[in-house]
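Breakdown of the fold
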Amino acid sequence: MSGALAGRRILIAGAAKGIGRATAERFVGEGARIAAFDRDEQALSALAAALPGNVTLPGDVADPAAVATAVQAAVSALGGLDGVVNAAGIDLLADIEAMTLADWQHVIAVNLTGPVLVMQAAYPYLKAAGGGTIVNVSSAAGLSPLARRTAYCASKAGLQMASKALAIEAAAFGIRVNAVCPGAVETDLFRSSIDAAADPQAAYEAVRARYALQRVAEPAEIAAAILWLTGDDSSYVTGTSIAVDGGRTFH
Ligand SMILES: NC(=O)c1ccc[n+]([C@@H]2O[C@H](COP(=O)([O-])OP(=O)(O)OC[C@H]3O[C@@H](n4cnc5c(N)ncnc54)[C@H](O)[C@@H]3O)[C@@H](O)[C@H]2O)c1
């Protein structure tokens, strides 16, 4: 098969919906074989039907045993690993006084510890393949803060620094590690925060107006950046965070 990722074997965490799903579709279209890891088994079944010949692995990215099992299963099914995309994530909109310790720990576990567990478990296989790529889906909220999202912003900024730190030691093994920082993207995660507002239409307009491009992104627009960071066209790029945010964070 031809394409920018022909023959590449990629594990995508959070592949069942939203940005992860768009990435899975794009990667398969570019010739990759993917292992899709996600906690949503129903959405994973839909993905399996849409992308036959690929692998689906149910599990929670914040559970070390589940991550180890999923990475092993991905390696067995694909015959090795050339890349990882960490797209699983959750949002939390809460005033600091309303946020419980359990809330904070859950956001950090899913958005920061989870991707680190996936990178750690996949690392020996990327080394064994003679190199590879890791792309972590952070957020523009990890570049420029948003109110009432203390845990979310901290988790996403932390993920960018984890990517940069790992990029230094991984370079010796031909492994590149980068992050993408999306602005608002039309997914279930985004919709649920809008729908939770007292006036969802006004909330949507307030978000849209923050962007220089004056619109919310489609998941495929983020997948395109993840593709670029995974493919050979970005061969001299590592340890960076790319804002794909319609211009929110530069102004
Ligand atoms: N949508 C946005 O506006 C936006 C903006 C910036 C960053 N992001 C980030 O992009 C990533 C993808 O978000 P999305 O908008 O596509 O959301 P989404 O809810 O559409 O998809 C997230 C996927 O991750 C999976 N997931 C969540 N928690 C998991 C867990 N513990 N274990 C395994 N899988 C889990 C979900 O089942 C789902 O399939 C997230 O990290 C999110 O923080 C989203």
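Structural notes, computed from the coordinates. Residue positions are given per chain, counted from 1 along the sequence in the order it is written. Under the rules for a predicted model, residues below a pLDDT of 70 receive no local features and side-chain atom pairs below 80 are neither given nor counted, while totals for whole chains, interfaces and linings still include all residues.

**Quick look at the site of the ligand**
The rule is simple: place the C-beta atom from the backbone, and if it lies within 6 Å of a molecule or strand, the residue is near it. What surrounds the ligand is a group of 27 residues, the closest being Gly14, Gly18, Gly89, Thr187 and Leu189. Strands are runs of DSSP state E lasting at least two residues, helices are runs of H or I lasting at least four, and both sets are numbered from the N terminus onward. Listed by contribution, the elements that provide at least two residues to the shell around the ligand are α1 (18-29) and α6 (188-195). Each residue gets one of three labels, nonpolar for Ala, Val, Leu, Ile, Met, Phe, Trp, Tyr, Cys and Pro, charged for Asp, Glu, Lys and Arg, and polar for the others, Gly among them. Split into classes, the residues belonging to the shell around the ligand amount to 15 nonpolar, six polar and six charged.

**Side note on helix α8 (residues 219-230)**
The terminal C-alpha atoms of α8, which comprises twelve residues, lie 16 Å apart, in line with the 16 Å expected from a rise of 1.5 Å per residue. Three classes are used. A residue is buried when 20 or more other C-beta atoms lie within 10 Å of its own, exposed when 12 or fewer do, and partly exposed in between, with C-beta atoms placed from the backbone. Buried within α8 we find Pro219, Ile222, Ala223, Ala225, Ile226, Leu227, Leu229 and Thr230. We call two residues in contact when the distance between their C-beta atoms, placed using the backbone, is within 7 Å. Buried positions along α8 lie against β1 (9-13), α1, β4 (83-86), β5 (132-137), β6 (175-182) and β7 (241-244). By definition here, a helix of n residues has an expected span of 1.5 Å times n minus one.

**Some details on the pairing of strand β3 (residues 55-58)**
The pairing of strand β2 (residues 33-38) with β3 spans four bridges and is parallel. Bridge pairing in β3 links Phe37 to Leu57. For the crossover from β2 across helix α2 (residues 41-50) to β3, the handedness is right-handed. We call two strands paired when DSSP finds no fewer than two bridges between them. The definition of a right-handed crossover adopted here requires that, viewed with the strands pointing away, the path from the first strand over the helix to the second runs clockwise.

**As for the environment of Ala147**
You can see Ala147 is positioned in the loop between β5 and α5 (150-170). Judged by C-beta crowding, with 8 C-beta atoms within 10 Å, Ala147 ranks as exposed. Along the backbone, Ala147 and Phe250 are 103 residues apart, and their C-alpha atoms lie at a distance of 18 Å.

**So, the packing of α1 against α8**
Helix axes use the C-alpha atoms of the stretch in contact, all axes being lines fitted to C-alpha atoms, and the angles between their N-to-C directions lie in the range 0 to 180 degrees. Closest axis-to-axis distance for the α1/α8 pair is 8 Å, and the angle between their directions is 60°. Our classification of the angle between α1 and α8 gives oblique. Considering only the axes of α1 and α8, their crossing is right-handed. Across the interface between the two elements, Gly18, Ile19, Arg21, Ala22, Thr23, Arg26 and Phe27 from α1 touch Pro219, Ala220, Ile222, Ala223, Ile226 and Leu227 from α8. To sort the angles, those under 35 degrees are grouped as roughly parallel, those over 145 as roughly antiparallel, those from 65 to 115 as roughly perpendicular, and the leftovers as oblique. Working rule for handedness: look at the near helix, and if it is turned counterclockwise from the far one by less than a right angle, call the crossing left-handed; if clockwise, right-handed.

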